[in-house]
Each structure stands twice: as C-alpha cells, then as structure tokens.
Amino acid sequence: MKLKQLEGLLGDLEQFSNPKVELEQYPTGPHIASRMLFTAENSYGDITDKVVADFGCGCGTLSAAAALLDAASVIGFDIDPQSLETATLNAEELEVEIDFVQCDITKLELKGQIVNTVVMNPPFGTRKKGADMEFLSAAMKVASDAVYSLHKTSTREHIKRAALRDFNAKSAEVLCELRYDLPKLYKFHKRKEVDIAVDLWRFEPRQN
Amino acid sequence: MRLIVHNMLSCNIRGVVNKFPLRIEPEKVIVKEVDFNPDFLKHMIAKIDWKALVDGARSMGYPELPDHPPTTLESDESFLRKFHHSLLELNLEEGSLVCPETGRKFSVNKGIPNMLLHEDEV
Ligand SMILES: C[S@@+](CC[C@H](N)C(=O)[O-])C[C@H]1O[C@@H](n2cnc3c(N)ncnc32)[C@H](O)[C@@H]1O
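Residues numbered from 1 in each chain as written. Chains lettered and ligands numbered in written order. Predicted model: local features only at pLDDT ≥ 70, side-chain atom pairs only at ≥ 80, totals over all residues. Heavy atoms only, no water.

## So, the overall build of chain A
Of the regular secondary structure elements, chain A holds 6 helices and 7 strands. Going residue by residue from the N terminus, the α and β elements of chain A occur as α-α-β-α-β-α-β-β-α-β-α-β-β. Relative to the 2.2 N^0.38 estimate, which gives 17 Å for 208 residues, the radius of gyration of chain A is 16 Å and therefore close to what a compact globule would have. Based on the C-alpha atoms only, the size of chain A along its principal axes is roughly 45 × 35 × 30 Å. (Helix = DSSP H or I, 4+ residues; strand = E, 2+ residues; numbered from the N terminus. Rg over C-alpha atoms; globule rule 2.2 N^0.38 Å.)

## Quick notes on the side chain of N116 of chain A
Tracing the backbone shows N116 of chain A in the loop between β3 (99-102) and β4 (117-120). Taking relative accessible area as the criterion, N116 of chain A reaches 8% and is therefore assigned buried. Polar contacts involving the side chain of N116 of chain A include one to the main-chain amide nitrogen of V51 of chain A, which spans 2.9 Å. Once residues lying within four places of it in the same chain are set aside, the contact partners of N116 of chain A are K50, V51, A143, S144, D145 and A146 of chain A together with K47 of chain B. (Buried < 20%, exposed > 50% of the residue type's maximum accessible area, 1.4 Å probe, protein only. Polar contact = N/O pair within 3.5 Å; in protein donor to acceptor, adjacent residues only side chain to side chain. Contact = heavy atoms within 4.5 Å.)

## Description of the packing of helix α2 (residues 30-44) of chain A against helix α3 (residues 61-68) of chain A
Residue and element names in this part refer to chain A. With their axes 9 Å apart at the nearest point, α2 and α3 run at an angle of 40° to one another. With respect to α3, the axis of α2 lies oblique. Of the two elements, α2 crosses α3, and the hand of that crossing is right-handed. Where α2 abuts α3, its residues A33, M36 and L37 lie against T61, L62, A65 and A66. In terms of residue class, the contact of α2 with α3 is made up of 6 nonpolar, 1 polar and no charged. (Axes fitted to C-alpha atoms, helices over the stretch in contact; angles between N-to-C directions. Parallel < 35°, antiparallel > 145°, perpendicular 65-115°, else oblique. Left-handed = near helix turned anticlockwise from the far one by under 90°. Nonpolar A, V, L, I, M, F, W, Y, C, P; charged D, E, K, R; others polar.)

## Regarding the UniProt feature "domain: Methyltransferase small" (unreviewed entry) in chain A
UniProt marks residues 44-139 of chain A with the feature "domain: Methyltransferase small" (unreviewed entry), using the numbering shown here. Structurally, residues 44-139 of chain A is divided into 33% helix and 20% strand, and its ends, taken at the C-alpha atoms, are 18 Å apart. (UniProt positions renumbered as here; feature names shortened; annotations may be inferred.)

## Some details on the UniProt feature "coiled-coil region" (unreviewed entry) in chain A
Look at the UniProt record and you will see "coiled-coil region" (unreviewed entry) annotated at residues 84-111 of chain A. As annotated, residues 84-111 of chain A has a helix share of 39% and a strand share of 14%, and its two end C-alpha atoms lie 22 Å apart.

## A look at the sheet that holds strand β2 (residues 90-98) of chain B
Residue and element names in this part refer to chain B. Pairing within the open sheet is antiparallel, and its 4 strands lie in the order β1-β2-β3-β4. The two strands at the open ends of the sheet, each matched to only one other strand, are β1 (23-31) and β4 (112-113). Each of β1 and β2 touches helix α4 (residues 77-89); the most contacted strand, β2, lies at about 60° to it. (Pairing = 2+ DSSP bridges.)

## Let's talk about the interface of chain B and chain A
Many analyses report the size of an interface as the accessible area lost when the parts associate. Contacts between the two partners involve 27 residues from chain B and, on the opposite side, 27 residues from chain A. Around 2300 Å² of area is buried between chain B and chain A when both sides are counted, 60% of it from carbon and sulfur atoms. If you sort the residues of chain B by the area they bury against chain A, M8, K47 and I112 of chain B come out on top, with a joint share of 27%. Linking chain B with chain A are 3 salt bridges. A salt bridge links E109 of chain A to K19 of chain B; the shortest N-O distance between them is 3.5 Å. Looking at the side of chain B that touches chain A residue by residue, the classes come out as 15 nonpolar, 6 polar and 6 charged. (Buried area = accessible area lost by both parts, 1.4 Å probe. Salt bridge = Lys/Arg side-chain N within 4 Å of Asp/Glu carboxyl O.)

## Observations concerning the pairing of β3 of chain A
All names here are of chain A. Side chains D99 and V101 of β3 all project onto a buried face; the interleaved residues F100 and Q102 project onto the opposite face, where all are buried too. Summarising the sheet, strand β2 (residues 73-78) and β3 pair through 4 bridges and their orientation is parallel. When the bridges of β3 are listed, D78 appears paired with Q102. Where the polypeptide runs from β2 across helix α4 (residues 81-94) and back to β3, its parallel neighbour, the crossover connection is right-handed. (Right-handed = clockwise from strand over helix to strand, strands pointing away.)

## Here we look at the confidence of the model for chain B
Looking at chain B, the pLDDT average stands at 95 and 98% of residues meet or exceed 70. Interface predicted TM-score (ipTM) for the complex: 0.96; the corresponding pTM is 0.96. (pLDDT = per-residue confidence, 0-100.)

## Description of the layout of surface pockets
Reported here for the largest pocket is a volume of approximately 520 Å³. If you trace the largest pocket, you find 31 residues lining it, with L23, G56, I79, P123 and F135 of chain A closest to the centre. Listing elements by their share of the lining of the largest pocket, those giving two or more residues are α3, β2 and α5 (131-142) of chain A. Split by residue class, the lining of the largest pocket holds 15 nonpolar, 9 polar and 7 charged. Lining of the second largest pocket is provided by 18 residues; of these, D70, A71 and A72 of chain A together with V34 and D35 of chain B occupy positions nearest its centre. A per-class count over the lining of the second largest pocket returns 9 nonpolar, 2 polar and 7 charged. (1 Å grid on protein atoms, 1.4 Å probe; cavity = no way out; pocket = protein on both sides within 12 Å on 5 of 7 lines; lining within 4 Å. Points joined across faces, edges and corners; volume = space filled by probe spheres on them.)

## Describing the packing of aromatic side chains
Here the structure, examined in full by the defined rule, presents 9 aromatic pairs over all chains. Their ring planes at 80° and their centres at 5.2 Å tell us that F124 of chain A and Y180 of chain A sit as a pair that is edge-to-face. Taken as a pair, F124 of chain A in the loop between β4 and α5 and Y180 of chain A in strand β6 (residues 169-183) lie far apart in primary sequence, 56 residues in all. Through a chain of ring-to-ring contacts, three or more aromatic side chains come together here, namely Y26, F124 and Y180 of chain A. Above the plane of the ring of F20 of chain B lies K111 of chain A, whose end atom (NZ or CZ) is 4.4 Å from the centre. One Lys or Arg, R81 of chain B, reaches over the ring of F36 of chain B and ends 3.8 Å from the middle of that ring. (Phe/Tyr/Trp six-rings, centres within 6.5 Å; stacked < 30°, edge-to-face > 60°. Lys NZ or Arg CZ within 6 Å of the ring centre and 35° of its normal.)

## Some details on the pattern of salt bridges
Overall, the coordinates contain 20 salt bridges over all chains when judged by the stated rule. Beyond isolated ion pairs, a larger network of salt bridges with shared partners links K4, E7 and R35 of chain A.

What follows is the structure, encoded as structure tokens:
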C-alpha cells in the first residue's frame, strides 16, 4: 500500500466525540499515524506478519494502520470504553480484524513473548505527570522487537536517558521530528489549535 | 476476543499467584474468517502457551487441537489449519474470563474483555 493511500483511509476514521481531558484524548492524526507505521514497516519490517500492540489506542488510528499494513494480529488497549466502541466501529468500517482490551496500561502485565511490536501515542503527561514514562516502561516490557512512540521534543534528553538506563532499551533513536496539532479540545488552550513539536522514537528492547 | 489475546491475559490482582490462564465462560462465540498464514503460525507454535490455547478452544466448543503441539518440522497443513482456526478465528463475543485462583470474573462485552481492577484489588 502507498503512503498516500494509507493516509487517505485513516483520514476517514471516526475520532473522539467527547474527549476526556484527564485521559489526554486527542487523536493521532492521519498524517502522523501513516508515517509512523509506514516507516516501521518499510525501514524496519516491524509490522507485516507481526503481532502488533497499540497502547492507549483511543479510536484506533494506529491499530487500523497496522492492520492495513498486514500485521498478523493487532491488539488495541485503552482504559476508556467509549473510545474502544468507536475503535471497533472503525475496524468494521475498514473490514480489518483488530482485538481490543479495556485495561489500565500502567497496571497491565502481559504474559509471554507474543507481541513483536508496540506502537503508541501515549498521553504526553501534561495532565498526569509521568504518564508518558509509565506507558514507555510498560511497552518496553511487552515488545520483543521494537517500540514506536511519540513524545514531546522538549523531553528528548530525559526520554533517552530513562529508556537506556531504566527501561532496558538496547537502543533509543529519534527517527524524525513532527508537528502535532492539538485541536482546541480543552478550555485551557487559548488558541484555536496548538501545534507542538513531537519526536517519533524507535526503541529496541534488550532480549528479556 | 481471540485466543491469541487470551494467551497473554492474566489476573493482576495484588497477591494472586495462580493467575494464568483465565478460564473462559462463553455465552456467545462467533467465527470470523481470516487469511491463513502458515509461516506466521509456525513461528507462533513455540511462543504460545499450548495448554492455555487447547483448553480455551475446547471451552469455546472446538476440541480439535492435539494435547501437545507437533514440532515445527512435522507441523502439516491440516494441523496448521486447526491451529489457525483456534488462535485467530474463534472470537469470544460475550462471556467471562475467570481467575483460576480467586474466581474473580472479568466480563467480555461486544468482544472486549474488561480487565480493569477495582481499587481494593491493586
Ligand atoms: C493521545 S491519545 C491516543 C490516541 C490514539 N492513538 C488515536 O489513534 O487516536 C491517548 C490515549 O490513552 C488513553 N489512556 C490514558 N491513560 C490510560 C491508561 N492509564 N491506560 C490505558 N489507556 C489510557 C486515553 O484514553 C487515550 O485514548
């Protein structure tokens, strides 16, 4: 599948109808989502025929992208049942099979070494400090091959240090810097749209 | 919920030791066909907790899997088809997942297991 085609399909998905501030529910836009998954597959072969988990999947844009790129199995995890319902409808609309699980990622323990790749757009930690790090820590325990994640560029050094020192990463690499549009979902945002710099990361876990 | 997911889920209540596999109490099981990918399946044989898969498939009404998996080399197409069906095509639409130690039930609605714990469980 071509990048433009993937981006187009993702652009038609339903997004959060009533975003919950405390859970940092803002959609991973089709531009970023398509590039993230496309890079994971075309540069590293981490999606097609792999088992892919999407942490904090929301309405499932990253899950859908993984399924469209022929992951063997895709599992989306989120704490919020309304988002998972929308994600289920999105998967049906695209005619792809995706499993969804309702859980708190920060308390999740997954058994075994089944998941190859974790993709995620975690909460950036603007509401609950450290939420981004808790997601990263959890992802590094689950993935056997690679973790792809988005983090604010302003946290770059901190992320790198924590990944290598605390989360058992063999490598931690920024693949590119992107602009992330935070729509004015929340009252405390003064402008109509806030555009922030985020890094697309790739982490490789040390063999557990 | 498909059995590939069931193979990873456990009961994370604090203090519980015997937390895997969760017993399946089905109310509604559906079958959704997906593409057969023999290379992927051969890869998965060694990664899957076999007993959890066999018991899970049985409880969902599919008793065709052997008690022990054949080695990757001897796995023939007829075996792989059954493995494929169990792992990726059986879906628990409605029902519960039950902790083997505490009996705590995690409900599955519209195919989505709810693994959230109550405050006094974490
Ligand atoms: C930035 S959004 C991700 C959006 C998603 N990638 C998409 O495609 O639209 C963060 C998501 O994390 C979820 N979330 C927040 N805290 C969580 C937790 N502790 N466990 C699981 N999910 C959580 C939110 O419900 C939200 O859907």
